[in-house]
Amino acid sequence: MRNKIRKRMAGIALCGLLIISLLSGCTAGNQEVETMLEGLNTSLQALASADQQEAVEASVQASQQVSQAVEAALIQVSQEASAQAAEEASVQASQAAEAESIQASQAAEAASIQASQAEAESIQASQAAEAESIQASQAVEAASIQASQAAEAESIQASQAAAQSAQSVLQPPPGHQGPWVGGRTVYLTFDDGPSYLTPQVLDILDRYQIKATFFVTYTERPEIVPYYNEIVRRGHAIGIHTASHEYAQIYSSMEAFVADFDKIYNYVQALTGVSCQLYRFPGGSTTSWNTGIREQIKAWFVQRGIIYHDWNVVTGDGGTVTAEEAYRNVVDNIVPRTHPVILLHDGVKKETTVEALPRIIETLKSWGFTFAALDPSVEPIRQGINW
């Protein structure tokens, strides 16, 4: 009996295996499956007539085995399906990634092409700018050459004109009467200013286009102070005379002299920005007032780089003279002087100087004199030496 049951169970198992094979994707057709199922059904019916107890137990076990096998087969099929889906998804992802890579590569290539085009444009712009710069440089160079040639031509013409002028100055003009000095230079110097008369003197000098030298004193009167700077602004030389003009005080000691000098020197420097190198002694360099300290002063001037100037022609306006007397004092005494330095005053109450000045200038011009301001290069007149 048991052998029969085993055979039947084997048949059931065989049927279960057939089902598993079918579910696992075997290549048998539907007709063959139906045939196998009918065989399985026949086997089961045959079992029904056998020992019922054993048959049932065996059938249950076989059914359980078949169920387990079917479940395992289903799991395997599911896993295979999942694997297939995963593989398909992987393929799709790979294709998408490849497509994106191609697009990125194309975009990068396009960007590279644009960059190359931009570089080419930059090179063209740089070349154009360089060409413009070269043209501008050539234009500037050409203009500079033209300006240099024009300046050289003007300089040659001016030099020729100056030579002609000098030649004409050396000889008196046709019909000339009176002295002739042939281009000798005269230096007009004005002491004791500035004052209310200084602007009139400056205007006269401007009218005749000549320069002079002003040896100034100290004043804080607000209406006069601007004239220090006006002297410089109009192109005249400014020098130091004295702060106080008090001989007894100035020459009382070396300390007193330096204090008087520094007061006016620093004042002029602050007002005009000029560090004066020219000086005129109050009363002249050989006045009896400075006998005790005269040599000390001269040595001190050498240390300071100060040049003192006296005079060798006077108008006499240090005292009281008429305009006619001032004029005659100059014209009657200047011709013998090869290096004339005229002493005049633009201080207060010197109206006769202002009155005589135009006539003095016109006469000296007609005699061939030229006018200039003193500077450190001019040989100074010294009383008792080259008076």
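Here is a short report on the structure shown in this document.

Calculation criteria
- Residues numbered from 1 in each chain as written.
- Predicted model: local features only at pLDDT ≥ 70, side-chain atom pairs only at ≥ 80, totals over all residues.
- Heavy atoms only, no water.
- Helix = DSSP H or I, 4+ residues; strand = E, 2+ residues; numbered from the N terminus.
- Polar contact = N/O pair within 3.5 Å; in protein donor to acceptor, adjacent residues only side chain to side chain.
- Buried < 20%, exposed > 50% of the residue type's maximum accessible area, 1.4 Å probe, protein only.
- Pairing = 2+ DSSP bridges.
- Right-handed = clockwise from strand over helix to strand, strands pointing away.
- Phe/Tyr/Trp six-rings, centres within 6.5 Å; stacked < 30°, edge-to-face > 60°.
- Lys NZ or Arg CZ within 6 Å of the ring centre and 35° of its normal.
- Expected span 1.5 Å × (residues − 1).

What follows concerns the side chain of E230. Inspection of the secondary structure puts E230 in helix 5 (residues 226-233). Reaching out from E230, the side chain makes a polar contact with the side chain of R234 at a distance of 2.8 Å.

For the rest of this paragraph, the subject is the pairing of strand 7 (residues 341-345). The element strand 7 is largely enclosed, with a buried count of five among its five residues. As paired elements, strand 1 (residues 185-193) and strand 7 share five bridges and run parallel to each other. In the sheet register, L188 faces strand 7, and the bridge partner there is I342. Handedness of the strand 6 (residues 313-314)-helix 9 (residues 323-331)-strand 7 crossover: right-handed.

Within this structure, the stated rule accounts for 20 aromatic pairs. Seen in terms of ring centroids, W300 and F301 are 5.8 Å apart; in terms of plane orientation they differ by 40°. Their pairing is tilted. Comparing W300 with F301 shows no difference in burial state: the two are buried. Each member of the aromatic cluster is reached from another via a ring pair, and the members are Y247, Y251, F257, F261, Y265, Y279, F281, W289, W300, F301 and Y308. Positioned above the aromatic ring of Y218, the side-chain terminus of K263 is 4.6 Å from the ring centre. Positioned above the aromatic ring of Y308 is the side chain of R382, whose terminal nitrogen or guanidinium carbon lies 3.7 Å from the ring centre.

With 19 residues, helix 7 (residues 254-272) should cover 27 Å at 1.5 Å per step; its first-to-last C-alpha distance of 27 Å lies within 8% of that length. Buried within helix 7 are the following residues: M254, F257, V258, D260, F261, I264, Y265, Y267, V268 and T272. After helix 7 finishes, the residue G273 shows a positive phi value of roughly 80°.

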